[in-house]
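Residue-level structural notes
Each chain, written out:
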Amino acid sequence: MNGGIDVIDQAARLLEQGRLVAFPTETVYGLGADAENPAAVAAIYAAKGRPQDHPVIVHLAPGAALEHWAAEIPDAARQLAAAFWPGPLTMILKRAAHIPDAVSGGQDTVGLRCPSHPVAIALLQAFKGGQGGIAAPSANKFGNVSPTTAQHVRDEFGVDDTLALVLDGGQSQVGIESTIVDLSRLATRGPVLLRPGHISAEAIAAVIDQLPCAPDAAAPRASGTLESHYAPHTPVAMQPTEILGATLAQLAAAGKKVALIHYSDLPPAHAELRLPAAPEGFAHALYAALRTMDGSGADLILVEAPPQGGAWLGVNDRLRRAAHGSVGIVHGLLNQDVA
Ligand code: TXA
Ligand code: MG
């Protein structure tokens, strides 16, 4: 870890100078820049290889003035901030006029979140005297799995002229990205859940008396909501527990190397990682597991499909996207040499 006071001050000064700094949050590591410096925000897009029209989340210190960032602040936003900040919830609000286009991806909204990781909070308090905002997407190349350790960030970018510093705050506790709720169209659409995460729709409903609904066609674009995202380079497939044993046997017979991510008792594979059988523990370990398995030389990463229940929504969402580009891969591997 290198999250001491001196290095945090150094990180804050680098951000104030327009440089990029990666920092830990409780969800995943962020690639940060001064949200009010368009050139610095542009450098995030360049480093990630991310399309220009994908907005980035602005991270705020505890107690920061929402009025500085948002043009309209509905009661629901204040209630949710009081209930869940600092914490893994991002709120989409109508943006204030001075927010750079680069931050909002040209949309009329801004995503705001106050993270709870102590290093992130210390950084936000040191940066511009706690009055600034740090624009930060997950610190990975576009489409890749989000980083949950400082080493993952270094594996993605290296530290050079582009990325000035990586703050190390250990392994992210939550492990998947924040819940995103869109409050910018409350009057017409009500709250909309753009991305499921650790804070559930039900938990939000308990605070604002309205259950966030699923995104419609008019919902804002969000790269984390693209069908194919969060994907390792090795193909990923998910299968229910009942058929996994048979699939493993068939793939082994066909000479295929399987990296297995599971939570039940299953036969051995080329490589395997057993994760906790509860959603919080599974989410915490998932991205590191995908990265490890991606480096295992397997033909396929096979994941035991988690249950469908509410608390598993965020995990299932990320796994579905990771597997999206590999539909039919098990069948393909088994029939490769037959035709
Ligand atoms: O947990 C997290 O949210 C992490 C940490 C670093 O805070 N950040 C993160 O950022 O996941 P990113 O950029 O990888 O994903 C943020 C998602 C993207 O899908 C982006 O399109 C969406 O939030 N988003 C940001 N601002 C938005 C806006 N104004 N309207 C709609 N979607 C927005
Ligand atoms: Mg991301």
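Our subject is the structure listed above.
Only a predicted model underlies this, so the values are computations on that prediction, with no experimental measurement involved.

It is worth spelling out the overall build of the chain at this point. Assigned secondary structure in the chain consists of twelve helices and 13 strands. For a compact globule of 339 residues, the expected C-alpha radius of gyration is about 20 Å, and the chain comes in at 20 Å, within 12% of that figure. Expressed as lengths along the three principal axes of its C-alpha atoms, the size of the chain is roughly 60 × 45 × 35 Å. When burial is assessed residue by residue, the chain has 57% of its 339 residues classed as buried. In the chain, the share of contacts with a sequence separation of at least 24, taken over all contacts with a separation of at least 6, comes to 69%. Counting every atom, the chain has about 13,400 Å² of accessible surface; 54% of that belongs to carbon and sulfur.

The nine strands are arranged β7-β1-β2-β6-β3-β5-β4-β8-β9 in an open sheet whose pairing can be described as mixed. One side of each edge strand has no neighbouring strand; the edge strands of this open sheet are β7 (163-166) and β9 (192-195). Strand-to-strand twist in this sheet, taken as the mean axis angle between neighbours without regard to direction, amounts to 35°. As paired strands, strand β2 (residues 30-34) and strand β6 (residues 133-135) are joined by two bridges and run antiparallel to one another. Across the sheet, residue Asp34 finds its bridge partner in β6, namely Ile134.

A few words on unusual backbone geometry. The residue after Trp85, namely Pro86, is reached through a cis peptide bond having omega -5°. Summarising the element assignment, Pro86 is placed in the loop between α3 (75-84) and β4 (89-94). In this structure, Lys128 takes a positive phi of about 50° despite not being glycine. Looking at the secondary structure, you find Lys128 in the loop between α5 (118-126) and β6. With a phi close to 65°, Asp209 is a non-glycine residue in the positive phi region. Along the chain, Asp209 falls in the loop between α8 (201-208) and β10 (236-239).

Before going further, it helps to examine the sheet that holds strand β13 (residues 300-304). Strand order in the open sheet formed by four strands is β10-β13-β11-β12, and the pairing between neighbours is parallel. Looking at strand neighbours, the two that pair on one side only are β10 and β12 (271-274), the edges of this open sheet. Averaged over neighbouring strand pairs, the angle between their axes works out to 20° when direction is ignored. Two elements, strand β11 (residues 258-262) and β12, share four bridges in a ladder whose sense is parallel.

What follows deals with the pattern of salt bridges. Side-chain pairs of opposite charge can arise whenever the charged atoms involved come near each other. In the structure shown here, the tally under the stated rule is 16 salt bridges. Asp34 is the salt-bridge partner of Lys128, the closest N and O atoms lying 3.0 Å from each other. Of this pair, Lys128 sits in the loop between α5 and β6 while Asp34 sits in strand β2, and the two are 94 residues apart along the sequence. Note on Lys128: relative accessible area 30%, which makes it partly exposed. Where salt bridges share partners, they join Glu177, Asp317, Arg318, Arg320 and Arg321 into one cluster.

Another aspect to go through is the pairing of strand β1 (residues 20-23). Side chains Leu20 and Ala22 project from β1 onto one buried face, and the interleaved Val21 and Phe23 project onto a second face that is buried too. In terms of strand pairing, β1 meets β7 through three bridges, oriented parallel. Each bridged residue has a counterpart across the sheet, and for Ala22 the counterpart in β7 is Val166. In this antiparallel pair of consecutive strands, β1 and β2, the connection spans six residues.

Once that is clear, we can look at helix α2 (residues 38-48). For α2, the complete set of buried residues consists of Ala40, Val41, Ile44, Tyr45, Ala47 and Lys48. One face of α2 carries all of its buried residues, which in axial projection span an arc of 170°. In this structure, α2 carries Ala39 and Ala46 as exposed residues pointing more than 90 degrees from its buried face. Contacts from the buried residues of α2 go to β1, β2, α4 (101-104), β6 and α6 (150-157). The opening residue of α2 is Asn37, an N-cap whose side-chain oxygen sits 3.1 Å from the backbone nitrogen of Ala39. Following α2 by one or two positions, Gly49 has its phi on the positive side, about 70°.

Scoring rules and cut-offs
- The residue count restarts for each chain, going from 1 along the sequence in the order it is written.
- Numbering of ligands from 1 and lettering of chains from A proceed in the order in which they are written.
- Restriction of local features to residues with pLDDT of at least 70 applies here, the model being predicted, together with a cutoff of 80 or more for giving and counting side-chain atom pairs; totals for whole chains, interfaces and linings are based on all residues.
- Note: side-chain values were computed over all heavy atoms of the structure, leaving out hydrogens and water.
- In DSSP terms, a helix is any run of H or I states spanning at least four residues, a strand is any run of E spanning at least two, and both are numbered starting from the N terminus.
- Atoms counted for the radius of gyration: C-alpha only. Globule rule: 2.2 Å times the number of residues to the power 0.38.
- Burial status follows relative accessibility: with a 1.4 Å probe on protein chains alone, a residue under 20% of its type maximum counts as buried, one over 50% as exposed, and anything between as partly exposed.
- A contact between two residues is defined here by any heavy atoms of the two lying within 4.5 Å.
- The method behind every accessible area is Shrake-Rupley, applied with a 1.4 Å probe, and residues are considered shielded solely by the protein chains displayed.
- Strands were regarded as paired on the criterion that DSSP finds at least two bridges between them.
- In this analysis, axes come from line fits to C-alpha atoms, helices being fitted only over the stretch in contact, and the angle between any two N-to-C directions falls in the range 0 to 180 degrees.
- For this document, the term salt bridge refers to a Lys or Arg side-chain nitrogen within 4 Å of an Asp or Glu carboxyl oxygen.
- The arc under discussion is defined with respect to the helix axis, by the directions toward the C-beta atoms.
- Any N or O atom pair separated by 3.5 Å or less is treated as a polar contact, with the protein-specific requirement of one donor-capable and one acceptor-capable atom, and with residues adjacent in sequence counted only for side-chain atom pairs.

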